[in-house]
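# Structure assessment
Listed below, chain by chain, are the residues.
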Amino acid sequence: MAITEVRGCCPHDCPDTCSWTATVEDGVVTGLRGNKDHPFTAGHLCIKVNHYEERVYHPDRLLTPLVRNGSKGSGSFREASWEEALGLVRDGLSRVIDRSGAESVLPFSYMGTQGVLQGASMDQRFFHRLGSAALDRNICLAAGGWAYAFTYPGFAATDPELIGQAEVAIAWGVNPFSTHLHFWPYFQAVKKNGGTLVTVDPFRTKTAAASDIHLQLRPGSDAALALGMMHVIFAEGLEDAEFLATSTDGADDLRARAAEWPPERASRATGLASEQIADVARLFARARPGFVKLGPGANHQPNAGQAFRAVLALPAVTGAWKYPGGGAHVHSADGFPDRGDAMTRPDLRRAPAERTVTMTGLGDALADGIDALVVYNSNPAVVCPDTNSVMRGLAREDLFTVVLELMPTDTMAYADVVLPATTQLEHLDVLWSWGHYYLSLNRPAIPPRGDTLPNTEIFRRLATAMGYGEPALHEDDGTLLATYLAECTDEQRAALDAVGYVKMPVVTAPGARVQLRSDTLAEIAGVDPLPQGEDAPTDADGLILITPKSHHFLNSQLVNHARLRKAAGSALALLAPADASEAGIVDGAPMVLSNEHGTLELDASVSDSVLEGTVVVLDNWWHRDVRRGPGVNALTGQTPADLGAAPVFTARVRISPAE
Ligand SMILES: Nc1nc2c(c(=O)[nH]1)N[C@H]1C(S)=C(S)[C@@H](COP(=O)(O)OP(=O)(O)OC[C@H]3O[C@@H](n4cnc5c(=O)[nH]c(N)nc54)[C@H](O)[C@@H]3O)O[C@H]1N2
Ligand SMILES: Nc1nc2c(c(=O)[nH]1)N[C@H]1C(S)=C(S)[C@@H](COP(=O)(O)OP(=O)(O)OC[C@H]3O[C@@H](n4cnc5c(=O)[nH]c(N)nc54)[C@H](O)[C@@H]3O)O[C@H]1N2
Ligand code: SF4
Ligand SMILES: [Mo]
């Protein structure tokens, strides 16, 4: 029997980008393990991925091109050859382009795979050449990402491997126990070394439960909490005056803004006690140093950009950046080669794109001039806000829809043509990380199963079908990889080649200054140049819905895996005992959640982990998993957050027992 071992890495949109080795016996992957030598992965994969081969050999796996032969949404398809399928795509796209112009074609993709090649290379080149509408890929961390970029231009996010040296670490709107598993030991190290762990989260997650202090604030009140803390820090002279003078701009303005937020005001806004706010402010300011990990979870609120700006100001005010392990981490994506234009080749576009669609606004776009949709690496029927409007769009008879997928999804059921894609064990790729600083190479372990093809090859073939002869549209994956690595050193390339990963240098630009006040941001985005908080609304009715991530699924992926479904249980709405009894809802009984966007029926789970006045529904479930209604995004809307046109995955909802 021929046994080989092939090094690669996890493709998922997860901050850990784990390094793995696949065991291949006679051309079949029989096992997968985390690489022990990788400092971050540390020899283990999470429960979701430790059997990734299940995904490759899953009975639902799409193995041939498909052509719809039933009504949209019926999920009825017949098999087709690549030649026929590509011909149909060419005809469908050409019809739309002739009728209403190339910008009525929308490519819709996100990070179904985080790979540079399979996620942002040949696909982009193809759509630039076609002249499609542009997509703002902003569904995850846009508000927080903007906030970091404008507050800390040129600053490298704190290296997570150092945070054990912090005296206080705050998990602010992040649940690493479930979502960033390999960060967890570093977080725990703070406690082991005698420091204090704080979690800021409306929900009592595993992370919160394992922390010394849990600040269970009202969702969306993070800016008020951070400004209340800064009020105390400035009032008690706990700021680092030297760091503020030498390394920041706008400190006096921020001090004046913080003065508007005595802890009593922050208390009314957050629902936390004033003393609690003051105590944690002192704790953080006196720590040598303090560290804040901010997660995407807190950036799905309407005022998330300003909230992140406020929270990010804390380690600057206290000078935490001066010490190893101190500072903040939103994401580390800026630490990797920026080869955007070389990879995506915007020069292939004949004229600048006049239309940009944000992922947040897909529902509206489908009702306004988008007549062809090419979906890959994304599952908009589940992940986009305002599901009902997205579904109305997907159901349009005159919308031509192509879906590149591994699995039958709620989106794929509406496709005219389905093109089967490869998994990470079947294609070449290179991955950056947003949680650490290791660049990873993924070598294919086995040839593509059935008729599946890598996204890159599908777009090369589509280019051929469309008659696009530009050489850039026909470069192979090896060439694309070389283009991505062109600015790496020989040593870095050699390390990638030898062990499959290499750590990138963690460097802050010389002379970089924290922008506590940002007039540039104010100008671009029309927000206050200073971080701004909000008081609790007095007129809002209903409960605040939040939609965090499941421990067992990865966004909308893996929900069709029996092993993980069994562990995850069923789709539930979690609510606090007081809210349940007030609404007459009983634990385990079906309940209805509704608002101006839609209605859902789910089984209730009454839990004291939930803050009174809030409801928690995990975002990962598929339409079929919900008692009635599509998924939880039936309750979210398309109005963007304050920065980055980012989505808002929270909403006000009314609750009642089901009839
Ligand atoms: N197991 C698992 N891991 C994942 C994923 C997954 O689906 N499953 N998805 C991956 C992806 S794409 C992402 S973006 C990350 C997300 O990683 P995280 O940000 O850690 O995950 P979330 O569960 O979305 O949100 C974290 C916490 O934010 C809290 N939260 C909600 N609203 C607020 C608020 O207004 N303020 C504060 N302070 N907290 C709030 C939620 O209650 C939740 O516990 O996880 C990645 N890893
Ligand atoms: N209510 C609510 N909604 C949310 C969130 C929330 O917290 N609450 N979180 C948001 C966040 S943070 C994110 S990142 C998004 C995630 O949104 P998406 O990126 O769309 O989610 P995924 O489920 O990770 O991936 C989508 C699809 O990509 C496919 N795929 C994987 N690999 C490949 C490949 O190599 N080729 C092709 N063609 N397809 C592939 C998978 O099978 C899957 O169906 O969801 C957002 N939606
Ligand atoms: S999903 Fe995240 S934690 Fe799990 S193996 Fe992949 S990168 Fe690692
Ligand atoms: Mo995300």
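Residues numbered from 1 in each chain as written. Chains lettered and ligands numbered in written order. Predicted model: local features only at pLDDT ≥ 70, side-chain atom pairs only at ≥ 80, totals over all residues. Heavy atoms only, no water.

### Focus on the sheet that holds strand β1 (residues 3-9)
As summarised here, the arrangement of the 3 strands in space is β1-β2-β3, forming an open sheet in which the pairing is antiparallel. What marks the edges here is a single partner per strand, and that holds for β1 and β3 (28-34). For this sheet the average axis-to-axis angle between neighbouring strands, irrespective of direction, equals 25 degrees. Where strand β2 (residues 19-25) meets β3, 6 bridges bridge the pair, whose relative direction is antiparallel. (Pairing = 2+ DSSP bridges. Helix = DSSP H or I, 4+ residues; strand = E, 2+ residues; numbered from the N terminus. Axes fitted to C-alpha atoms, helices over the stretch in contact; angles between N-to-C directions.)

### A short note on the pattern of salt bridges
If you walk through the whole model with that rule in mind, you get 43 salt bridges. Residues R355 and D368 are paired through a salt bridge, measuring 3.9 Å at the closest nitrogen-oxygen approach. One end of the pair, R355, is in the loop between α15 (340-344) and β14 (356-358); the other, D368, is in the loop between α16 (362-366) and β15 (372-376), and 13 residues separate them in sequence. On the accessibility criterion, R355 (23% relative accessible area) is partly exposed. (Salt bridge = Lys/Arg side-chain N within 4 Å of Asp/Glu carboxyl O. Buried < 20%, exposed > 50% of the residue type's maximum accessible area, 1.4 Å probe, protein only.)

### Side note on the site of ligand 3
Neighbouring ligand 3 are C10, C14, D16, T17, C18, C46, K48, V49 and H182. Placement of ligand 3 is best described as lying within the largest cavity. Of the residues contributing to the shell around ligand 3, the split by class is 5 nonpolar, 2 polar and 2 charged. (Near = heavy atom within 4 Å. 1 Å grid on protein atoms, 1.4 Å probe; cavity = no way out; pocket = protein on both sides within 12 Å on 5 of 7 lines; lining within 4 Å. Sits in = over half its atoms within 2 Å of the grid points. Nonpolar A, V, L, I, M, F, W, Y, C, P; charged D, E, K, R; others polar.)

### Quick notes on the site of ligand 2
Near ligand 2, the surroundings consist of 31 residues, among which S378, E405, K549, S556 and N633 are the closest. Side-chain polar atom of E405 to an oxygen atom of ligand 2: 2.5 Å apart, as the coordinates give it. Within the complex, the protein chains bury 97% of what would otherwise be the 910 Å² of accessible surface of ligand 2. When we break the shell around ligand 2 down by domain, the ones giving at least three residues each are domain 1 (77-139 + 339-424 + 450-501) and domain 3 (543-657). (Polar contact = N/O pair within 3.5 Å; in protein donor to acceptor, adjacent residues only side chain to side chain. Areas by Shrake-Rupley, 256 points an atom, 1.4 Å probe, with all protein chains shown as cover. Domains from an automatic or database assignment.)

### Some thoughts on the domain arrangement of the protein
As far as domains go, the protein holds domain 1 (77-139 + 339-424 + 450-501), domain 2 (142-330 + 509-525) and domain 3 (543-657). Computed over C-alpha atoms, the centres of domain 1 and domain 2 are 37 Å apart.

### Details of the layout of surface pockets
Counted as a void, the second largest pocket has a volume near 1400 Å³. Lining of the second largest pocket is provided by 45 residues; of these, M111, A120, R137, A333 and W432 occupy positions nearest its centre. Going through the elements one at a time, β6 (105-109), α3 (116-119), α4 (122-130), β7 (134-136), α5 (142-151) and α15 are the ones with two or more residues in the lining of the second largest pocket. Of the residues in the lining of the second largest pocket, the class split is 24 nonpolar, 13 polar and 8 charged. A domain split of the lining of the second largest pocket shows at least three residues from each of domain 1 (77-139 + 339-424 + 450-501) and domain 2 (142-330 + 509-525). (Points joined across faces, edges and corners; volume = space filled by probe spheres on them.)

### Observations concerning the packing of aromatic side chains
Note on aromatic pairs: each is described by the distance of the centres and the angle between the planes. All told, the structure shown has 19 aromatic pairs when counted by the stated rule. Summarising the aromatic geometry, the rings of F177 and W184 are spaced 5.4 Å apart at their centres and angled 80 degrees between planes, so their arrangement reads as edge-to-face. Classification of F177 as partly exposed rests on a relative accessible area of 24%. The exposure class of W184 is buried, given its relative accessible area of 13%. When the centroid spacing of 5.1 Å and the interplanar angle of 65 degrees are considered together, the rings of Y376 and F459 count as edge-to-face. Of this pair, Y376 sits in strand β15 while F459 sits in helix α19 (residues 455-466); the two residues are 83 residues apart in sequence, bridging distant segments of the chain. Residue Y376 is classed as buried on the basis of its relative accessible area, which comes to 1%. In textbook terms, an aromatic cluster arises when at least three aromatic residues are bridged by ring pairs, as seen for F126, F127, Y376, F459 and Y468. One Lys or Arg, R265, reaches over the ring of W261 and ends 3.7 Å from the middle of that ring. (Phe/Tyr/Trp six-rings, centres within 6.5 Å; stacked < 30°, edge-to-face > 60°. Lys NZ or Arg CZ within 6 Å of the ring centre and 35° of its normal.)

### Some words on empty space enclosed by the protein
Per the counting criterion, the structure on display carries 2 cavities of 30 Å³ or more. Within this model, the largest cavity holds a volume of roughly 110 Å³. Along the walls of the largest cavity sit 15 residues, with C14, D16, C18, C46 and K48 positioned nearest its centre. For the lining of the largest cavity, the per-class residue count stands at 7 nonpolar, 6 polar and 2 charged. Of the volumes computed, that of the second largest cavity is approximately 30 Å³. Looking at the second largest cavity, the residues that line it are A381, V382, T387, D619, W621, H623, G631, V632 and N633. Of the residues in the lining of the second largest cavity, the class split is 4 nonpolar, 4 polar and 1 charged.

### Details of helix α14 (residues 304-317)
With 14 residues, α14 extends 20 Å from end C-alpha to end C-alpha; this agrees with the ideal 20 Å at 1.5 Å per step. Of all 14 residues in α14, 14 are buried; the element is thus mostly enclosed. In the stretch just after α14, G319 is the one whose phi turns positive, near 70 degrees. (Expected span 1.5 Å × (residues − 1).)

### Digging into the pairing of strand β16 (residues 400-405)
Along β16, 6 of the 6 residues are buried, which leaves the element largely enclosed by surrounding structure. Neither face of β16 is open: one carries F400, V402 and L404, the other T401, V403 and E405, and all of them are buried. As paired elements, β15 and β16 share 5 bridges and run parallel to each other. Directly across from V374, in β16, lies its bridge partner V402. The sheet contact formed by β16 and strand β17 (residues 417-420) spans 4 bridges and is parallel. Within the sheet, the bridge partner assigned to E405 lies in β17 and is P420.

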